[in-house]
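For reference, the chains in residue letters:
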Amino acid sequence: MKPMLCNMPAGSRIAQALPNNDFADCYQFDDLWPDKNALETYILLMARTPGWMNALMAMRNRIVRLVGLKHLGNLSTTVGSKQADDYQVGDRVGIFSLKHLHSDEVILFDDDKHLLVQLSVVKHKVNGKPMVSLSTVVHIHNRLGRFYMAIVGPAHSFIVPRMLAQVAHA
């Protein structure tokens, strides 16, 4: 699996969040679990988060608490406390809450005082091949959000494809 930066899938619900966004990206990669739905795929991806990514999240959590932002936890250990079928819109799934739940697309979000982050997992086919698109859309609320994204935005674009590639080998 080599994640490729791409456009958001046509017809995806996450594309509705694009107007007036301050940051957006989408990575497409081979579907490692074509028999699983979008939420199950998200849970499997997060459960395989590399240790270095969780270390970065721990560092992020320590730093942002100094300015009153949420401690989110890490990506891998907060996911999977329930079966995927037991989740409903509004439930927390790891560090995010469910906004949209469908078999081929799940949208999760976190809305803190500095920004709104939405994450989508879309399962679809490209030329008959099962693929997954992982999209992120951010809307900044204030100057703190702009400062935060000035640091996190470039890091996100560096980290996410590497994390996804490493997940494939886990």
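Note that the coordinates shown come from a computational prediction; the quantities given were computed from them, not determined experimentally.

Take the pairing of strand β7 (residues 129-140) next. Regular strands have side chains that alternate between both faces of the sheet. Counting buried positions along β7 yields 10 of 12 residues, so the element is predominantly enclosed. Where strand β2 (residues 23-30) lies against β7, eight bridges are found, and the strand directions are antiparallel. Each bridged residue has a counterpart across the sheet, and for A24 the counterpart in β7 is V137. With antiparallel pairing between neighbouring strands as the criterion, strand β6 (residues 115-126) and β7 make up a hairpin whose turn holds two residues, including N127 at a positive phi of roughly 50°.

Tracing the backbone shows P161 in helix α3 (residues 143-169). Look at P161 and you get buried, because its relative accessible area is 15%. A C-alpha to C-alpha distance of 7.3 Å links P161 and Y27, two positions 134 residues apart in sequence. Here P161 is in contact with P3, Y27 and H156, once residues within four sequence places are set aside.

Parameters and conventions
Residues numbered from 1 in each chain as written. Predicted model: local features only at pLDDT ≥ 70, side-chain atom pairs only at ≥ 80, totals over all residues. Heavy atoms only, no water. Buried < 20%, exposed > 50% of the residue type's maximum accessible area, 1.4 Å probe, protein only. Helix = DSSP H or I, 4+ residues; strand = E, 2+ residues; numbered from the N terminus. Pairing = 2+ DSSP bridges. Contact = heavy atoms within 4.5 Å.

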